[in-house]
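Observations on the model geometry
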Amino acid sequence: MDRKLIGVDLGGTTTKFAILTEDGDIQQKWSIETTILDEGAHIVPNIIDSINHHLDLYKMDRSQFVGIGMGTPGTVDLDKGTVIGAYNLNWKTLQPVKQQIEEGTGIKFTLDNDANVAALGERWKGAGENGSDVVFVTLGTGVGGGIIADGHLLHGAAGAAGEIGHVTVEPNGYMCTCGKKGCLEQYASATGVVHVARDMAEEFSGSSKLKQLLDNGEEISSKITFDLAKEGDILAQSVVDRVSYYLGLALANVGNTMNPSFIIIGGGVSAAGDFLLKQVVSYFKQFTFPTVRNTTILKLAVLGNDAGVIGAASLAQRFI
């Protein structure tokens, strides 16, 4: 009998699920709304109910499954299978996720941090070409990352390995929610791009649609900024150049330290595509030494929203 994997990608608004083959091909996928009321008390019961409901719906037997893997925000204890400090889920206290899901579904369960899990997905079935040295950086509302070295996902002493968003790119720069200044996240996330645009607009005196929008008090986004830059807006182009500089600098430092085969850029901001990638690559080459410059390749992620469930399912392969 073909054995299956289940991948769960737990997010602040949506929880995505997939049933995959052992080779990582998605056979079924669905999603539910993440209910964060009552300090997130409904999240795990809803996940259990949804898995059980779909297994019954597809007339699948529990014995067919190798295991369930899940990516979650917050600080994860891999051995105990617990999560704490996932504030966007209202999980302020320790959550015994593994124990509850194993009891509720009768299937073995394992979990990891969501950015690490997306890294595993892109490495296994996406732009990472299943290489043994791959770094993934995701540019969304924040900046996250995951590092795979010699085939192993790095966790570090306290689970904070791969936090590329907190690489300092501007000493004494913008204040970060982490408490220090000048983190990459404050410049290259979706909100960071807008912050850079606002500050640069104040000092800009030429003609620019981006400046007009900001001066009129209209809401802008990283997408609007990139779209205007593509259309030739001088201020928007300067903003993209500044963001690319910071991203190129941070990724060059990662490259110089780890020398991965690929550094993969994903997340919402990466939808700017080759327009962003080309400019980041140019700074990356400026800040890397020759060996890294010639062997580490920057690429765009290819899996989109499926990276999380595919990477999560790959965690369950440890039960094979």
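Residues numbered from 1 in each chain as written. Predicted model: local features only at pLDDT ≥ 70, side-chain atom pairs only at ≥ 80, totals over all residues. Heavy atoms only, no water.

What follows concerns the overall build of the protein. Secondary structure summary: the protein contains 12 helices and 12 strands in total. Relative to a compact globule of 320 residues, whose C-alpha radius of gyration would be 20 Å, the protein shows 21 Å and is just as compact. Overall, the protein is about 65 × 45 × 35 Å in size when its C-alpha atoms are taken along their principal axes. Relative to all contacts within the protein whose residues are 6 or more apart in sequence, the contacts with residues 24 or more apart total 61%. Summing over all exposed atoms, the protein offers an accessible surface of approximately 14400 Å²; the carbon and sulfur share of this is 49%. Averaging the coordinates of the 25 positive side-chain charges in the protein and doing the same for the 36 negative ones gives two points 3 Å apart. (Helix = DSSP H or I, 4+ residues; strand = E, 2+ residues; numbered from the N terminus. Rg over C-alpha atoms; globule rule 2.2 N^0.38 Å. Contact = heavy atoms within 4.5 Å. Areas by Shrake-Rupley, 256 points an atom, 1.4 Å probe, with all protein chains shown as cover. Lys, Arg positive; Asp, Glu negative; His and termini not counted. Charge placed at Lys NZ, Arg CZ, Asp CG, Glu CD.)

Another aspect to go through is the environment of Leu-249. Inspection of the secondary structure assignment puts Leu-249 in helix α9 (residues 234-258). Given a relative accessible area of 16%, Leu-249 falls into the buried group. Taking the C-alpha atoms as reference points, Leu-249 and Thr-93, 156 residues apart in sequence, are found 37 Å from one another. Not counting chain neighbours up to four residues away, the residues in contact with Leu-249 comprise Val-169 and Phe-287. (Buried < 20%, exposed > 50% of the residue type's maximum accessible area, 1.4 Å probe, protein only.)

For any two helices packed against each other, the geometry is given by the interaxial angle and the distance between the axes. Interhelical geometry of helix α6 (residues 190-203) versus helix α8 (residues 222-230) gives an angle of 60° and a closest axis separation of 8 Å. Put simply, α6 runs oblique to α8. Here α6 contributes Ala-190, Val-193, Val-194 and Ala-197 to the contact with α8, which in turn contributes Ser-222, Thr-225 and Phe-226. Residues of the contact of α6 with α8, tallied by class, amount to 5 nonpolar, 2 polar and no charged. (Axes fitted to C-alpha atoms, helices over the stretch in contact; angles between N-to-C directions. Parallel < 35°, antiparallel > 145°, perpendicular 65-115°, else oblique. Nonpolar A, V, L, I, M, F, W, Y, C, P; charged D, E, K, R; others polar.)

For the rest of this paragraph, the subject is α6. Residues Gly-192, Val-193, Val-194, Val-196, Ala-197, Met-200 and Ala-201 constitute the buried set of α6. Of the surrounding secondary structure, the elements contacted by the buried residues of α6 are α5 (185-188), α7 (209-215), α8 and α9.

With that settled, the discussion passes to the sheet that holds strand β4 (residues 65-72). Ordered by their spatial adjacency, 5 strands build an open sheet running β3-β2-β1-β4-β7, and the pairing between neighbours is mixed. Lying at the two open borders of the sheet, with one neighbouring strand each, are β3 (26-33) and β7 (109-113). This sheet shows a mean twist of 15° between the axes of neighbouring strands, independent of strand direction. When strand β1 (residues 4-10) meets β4, the two strands line up parallel, connected through 6 bridges. Looking at the pairing, Val-8 lines up with Met-70 of β4. Where helix α3 (residues 97-105) meets the sheet, its contacts fall on β4 and β7, and the angle it forms with β7 comes to roughly 145°. (Pairing = 2+ DSSP bridges.)

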